[in-house]
Amino acid sequence: MSSEPLTDKITLITGSGRGIGKAIAIAFAGAGAKLILVARTQSQLDETAAVIRDAGGEPATTAADPPARAQATRMASPWTGQLFLLDTVSPHAAARTAQ
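Thresholds, definitions, all that
- Residues numbered from 1 in each chain as written.
- Predicted model: local features only at pLDDT ≥ 70, side-chain atom pairs only at ≥ 80, totals over all residues.
- Heavy atoms only, no water.
- Helix = DSSP H or I, 4+ residues; strand = E, 2+ residues; numbered from the N terminus.
- Buried < 20%, exposed > 50% of the residue type's maximum accessible area, 1.4 Å probe, protein only.
- Areas by Shrake-Rupley, 256 points an atom, 1.4 Å probe, with all protein chains shown as cover.
- Core = buried A, V, L, I, M, F, W, Y, C linked by side-chain atoms within 4.5 Å.
- Expected span 1.5 Å × (residues − 1).
- Arc of directions from axis to C-beta.
- Right-handed = clockwise from strand over helix to strand, strands pointing away.
- Salt bridge = Lys/Arg side-chain N within 4 Å of Asp/Glu carboxyl O.
- pLDDT = per-residue confidence, 0-100.
- Contact = heavy atoms within 4.5 Å.

Caption draft 1: The arrangement of the overall build of the chain in detail. Counting secondary structure elements, the chain contains 3 helices and 4 strands. Put simply, the chain runs from its N terminus to its C terminus through helices and strands in the order β-α-β-α-β-α-β. Within the chain, buried positions represent 31% of all 99 residues. Per element, the accessible surface of the chain, about 6200 Å² overall, is 54% carbon and sulfur.

This is the structure we're talking about:
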């Protein structure tokens, strides 16, 4: 048995471009999880993915705004046609409301 508690567990983390979502993504990667990272801003997402890759992880990334219904399906678009089950979902995307 691996010493990494999340080895080979597939985790979807929204809001992973900065703040708590980024910190959780880095921590989950360190615990061996396979990551699907989602954030609104591609450049921030790329920074998170680079930190994880530098530590030996291989995250998949998608730039999308999960609370926006039209973009929610984009989160899964890179994996269309592939069957997998999510083991963990860590939602940290901020919802914007109209004022």
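Next comes the rest of the description.
Caption draft 2: Quick look at the nonpolar core. Of all hydrophobic cores here, the largest spans 10 residues; its members are Ile13, Ile24, Ala25, Ala33, Leu35, Leu37, Ala39, Leu45, Ala49 and Ile52. Counting residues per element, the ones that place at least two in this core are helix H1 (19-30), strand E2 (34-39) and helix H2 (42-54).

Caption draft 3: Molecular detail of H1. Here H1 is 12 residues long and its end C-alpha atoms lie 17 Å apart, about the 16 Å a rise of 1.5 Å per residue gives. Looking at H1, one finds that the buried residues are Gly21, Ile24 and Ala25. End-on view of H1: buried residues confined to an arc of 105 degrees, all on one side of the axis. Seen from the buried face of H1, the exposed residues on the opposite side, beyond 90 degrees, are Gly19 and Gly30. Gly32 sits one or two positions beyond H1 and adopts a positive phi of about 95 degrees.

Caption draft 4: Inspection of the pairing of E2 at higher detail. Along E2, 5 of the 6 residues are buried, which leaves the element largely enclosed by surrounding structure. Assessed by its sense of winding, the connection that carries the chain from strand E1 (residues 10-14) through H1 to E2 is right-handed. Taken together, E2, H2 and strand E3 (residues 60-63) constitute a β-α-β crossover, and its handedness is right-handed.

Caption draft 5: Layout of the pattern of salt bridges. Across all of its chains, the model carries 1 salt bridge by this definition. Across the pair Lys34 and Asp8 runs a salt bridge whose closest N-O atoms are separated by 3.9 Å. Taken together, the residues span a long stretch of sequence, with Lys34 in strand E2 and Asp8 in the segment before E1 at a distance of 26 residues.

Caption draft 6: Up close: the confidence of the model for the chain. Looking at the chain as a whole, its pLDDT mean stands at 79, while 68% of the residues score no less than 70. Mean pLDDT values for the elements of the chain range from 58 in helix H3 (residues 69-72) up to 96 in H2.

Caption draft 7: Region of the structure containing H2. The end-to-end C-alpha separation of H2 is 18 Å, in line with the 18 Å expected for 13 residues at 1.5 Å each. All of the buried residues in H2 are Leu45, Thr48, Ala49 and Ile52. Burial along H2 is one-sided: seen end-on, the buried residues are contained in an arc of 95 degrees. The elements touched by buried residues of H2 are H1, E2 and E3. Remark: Gly56 follows H2 within two positions and exhibits a positive phi of approximately 100 degrees.

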